[in-house]
Amino acid sequence: MQFALLAALLWGCGAVIGKYSLKRISPSVMLPAYLTGIVLVYLPAWLLFGKPFPPSGYLIPTLSEGSAALAFIFYYHALEKGPVSLILPITSAYLVMVLLWGRFFYGDILSFQEWLAIGFMLSGVFLLSTGKDNRKGEGWLLPVLISTFLWGIWGGLSKLSLTFIPPITLNLYFVFIALPLWLGYFLLHRQRKMDKKGYGWGAFSGAMSSVGSIFFYFALTRGKTSLIFPVSNTYPAFAFFLGILMKERPGVMHIIGFVLTMAGLMLVKGTFP
């Protein structure tokens, strides 16, 4: 349980730090900075706890990790313009796609609680996406919805991906997929003047989020998924309240949307093996 709570804390804080770094660097620079941070975590983690890469079976993992890598491009464009207190709750709704993916592609039978979770999360996303306050961040909503959709594809394929490549090893494989995509994007949209502090904060954001993912896997091996998932899904709450400390001011409808989204996340018992 402690590992799940640490994962949630690190994911939430990593997002807020990412928002701070985007005040100094562009999204195209943020991507390689974030990659630097995750390499510093995933490579040692793989050397200590990972398993060898399999000789075949990379099609599904490539589609899965490629979707996640593309999602980050849209996510950082949204985070540069919009409030982290709203963006994190919206992106967390990728679990709606994961649940529906399981229902229609894996033949999973969704319980009343899971259908209720879907209803809460969709209602929450709708309220988080509306309101006059969103006009100040015009241009961030569409990218965040695209990133949520892409993370939904990643989440839906993760169950299959883990049958080919084990956890932690799959984390490192993400680095191999993200590297050419993010480096190519950086070369096309590179920032003329590099801000070393901004890059450092971006790398720190990636490292924190990656450590959170490692803690999450540890939590899954030591506890019940029905408890681990609700605890780890509290990460948008950390970002929401830290965003308020950064002088973001969600409206009343946004707060109601946040509560509904969190209620839905708490009802999700587990979607991965």
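Remember, predicted model here, so these are calculated numbers, not experimental data.

1. Digging into the overall build of the protein chain
Move 1: Along the protein chain, the regular secondary structure elements total 12 helices and zero strands.
Move 2: Computed over its C-alpha atoms, the radius of gyration of the protein chain comes to 18 Å, within 12% of the 19 Å expected for a compact globule of 273 residues.
Move 3: Projecting the C-alpha coordinates of the protein chain onto the three principal axes gives extents of approximately 50 × 50 × 30 Å.
Move 4: Per-residue burial over the protein chain gives 55% buried out of 273 residues.
Move 5: Intrachain contacts of the protein chain at a sequence separation of at least 6 include 90% that bridge at least 24 residues.

2. Side note on a nonpolar patch on the surface
Move 1: A contiguous nonpolar surface patch, about 280 Å² in accessible area, is contributed by Tyr20, Trp201 and Phe204.
Move 2: Considering the arrangement of structural elements, one finds tryptophan 201 in helix H9 (residues 196–222).
Move 3: Judged by relative accessible area, tryptophan 201 falls into the partly exposed class, the value being 35%.

3. So, the packing of helix H11 (residues 235–245) against helix H12 (residues 252–267)
Move 1: With their axes 10 Å apart at the nearest point, H11 and H12 run at an angle of 160 degrees to one another. Here H12 runs roughly antiparallel to H11, going by the angle between their axes. Our pair here, H11 against H12, has a crossing hand that is left-handed. Contact residues: Pro236, Ala237, Phe240 and Phe241 in H11; Ile255, Phe258, Met262 and Leu265 in H12.
Move 2: Classifying every residue of the contact of H11 with H12 by side-chain character gives eight nonpolar, no polar and no charged.

4. Digging into the side chain of serine 210
Move 1: For serine 210, the location among the structural elements is in helix H9.
Move 2: Setting aside its immediate chain neighbours within four residues, serine 210 contacts Ile38, Val41 and Tyr42.

5. Quick word on the packing of aromatic side chains
Move 1: In this structure the tally under the stated criterion is 24 aromatic pairs.
Move 2: Centroid distance phenylalanine 240 to phenylalanine 258: 3.9 Å. Interplanar angle 10 degrees. Geometry classified as stacked. Residue phenylalanine 240 is found in helix H11, and its partner phenylalanine 258 is found in helix H12; the two are separated by 18 residues along the sequence.
Move 3: Among the aromatic residues, those joined into a cluster by ring pairs are Tyr34, Phe72, Tyr75, Tyr76, Trp151, Phe174 and Trp182.

6. Some thoughts on the pattern of salt bridges
Move 1: For the structure shown, the criterion picks out one salt bridge.
Move 2: One salt bridge in this structure joins aspartate 195 and arginine 24, with 3.4 Å as the shortest N-O distance. One end of the pair, aspartate 195, is in the loop between helix H8 (169–188) and H9; the other, arginine 24, is in the loop between helix H1 (2–21) and helix H2 (27–49), and 171 residues separate them in sequence.
Move 3: Residue classification places arginine 24 among the partly exposed positions, given a relative accessible area of 33%.

7. Quick word on H12
A turn of α-helix holds 3.6 residues, and therefore any two residues three or four places apart point the same way.
Move 1: In this model H12 runs 23 Å from its N-terminal to its C-terminal C-alpha over 16 residues, within 8% of the 22 Å that 1.5 Å per residue would give.
Move 2: Listing the buried residues of H12 in full gives His254, Gly257, Phe258, Thr261, Met262, Gly264, Leu265 and Leu267.

8. Topic: the packing of H2 against H9
Move 1: Running from N to C, H2 and H9 point in directions that differ by 35 degrees, and their axes come no closer than 7 Å. H9 is crossed by H2, and the crossing has right-handed handedness. On H9, the residues touching Val29, Met30, Pro32, Ala33, Tyr34, Thr36, Gly37, Ile38, Val41, Tyr42, Ala45 and Phe49 of H2 are Tyr199, Gly202, Ala203, Ser205, Gly206, Ala207, Ser209, Ser210, Val211, Ser213, Ile214 and Phe218.
Move 2: Here the contact of H2 with H9 is composed, by residue class, of 16 nonpolar, eight polar and no charged.

9. Digging into the side chain of serine 92
Move 1: Position of serine 92 relative to the elements: it lies in the loop between helix H4 (84–91) and helix H5 (94–105).
Move 2: For serine 92, the contacting residues outside a window of four places in its chain are Met121, Tyr235, Pro236, Thr261 and Leu265.

10. Quick look at the confidence of the model for the protein chain
Move 1: Overall, the predicted model of the protein chain reaches an average pLDDT of 87, with 92% of residues at or above 70.
Move 2: At the level of individual helices and strands, the protein chain shows its lowest average pLDDT in helix H10 (residues 225–232), which scores 72, and its highest in helix H3 (residues 59–81), which scores 95.

11. Description of unusual backbone geometry
Move 1: One non-glycine residue with positive phi stands out, namely isoleucine 168, at about 70 degrees.
Move 2: For lysine 247, which is not a glycine, the phi torsion comes out positive at approximately 75 degrees.
Move 3: Secondary-structure assignment places lysine 247 in the loop between H11 and H12.
Move 4: On the accessibility criterion, lysine 247 (70% relative accessible area) is exposed.

12. Comments concerning the environment of leucine 10
Move 1: Within the secondary structure, leucine 10 sits in helix H1.
Move 2: Expressed as a C-alpha distance, the spacing of leucine 10 and serine 213, which sit 203 residues apart in the sequence, is 8.7 Å.
Move 3: Once you skip the residues sitting within four places of it in the chain, leucine 10 turns out to touch Met208, Ser209, Val211, Gly212 and Phe215.

Scoring rules and cut-offs
Residues numbered from 1 in each chain as written. Predicted model: local features only at pLDDT ≥ 70, side-chain atom pairs only at ≥ 80, totals over all residues. Heavy atoms only, no water. Helix = DSSP H or I, 4+ residues; strand = E, 2+ residues; numbered from the N terminus. Rg over C-alpha atoms; globule rule 2.2 N^0.38 Å. Buried < 20%, exposed > 50% of the residue type's maximum accessible area, 1.4 Å probe, protein only. Contact = heavy atoms within 4.5 Å. Patch = residues over 30% accessible without salt bridge, like charges linked within 9 Å, V, L, I, M, F, W, Y side chains within 5 Å. Areas by Shrake-Rupley, 256 points an atom, 1.4 Å probe, with all protein chains shown as cover. Salt bridge = Lys/Arg side-chain N within 4 Å of Asp/Glu carboxyl O. Axes fitted to C-alpha atoms, helices over the stretch in contact; angles between N-to-C directions. Parallel < 35°, antiparallel > 145°, perpendicular 65-115°, else oblique. Left-handed = near helix turned anticlockwise from the far one by under 90°. Nonpolar A, V, L, I, M, F, W, Y, C, P; charged D, E, K, R; others polar. Phe/Tyr/Trp six-rings, centres within 6.5 Å; stacked < 30°, edge-to-face > 60°. Expected span 1.5 Å × (residues − 1). pLDDT = per-residue confidence, 0-100.

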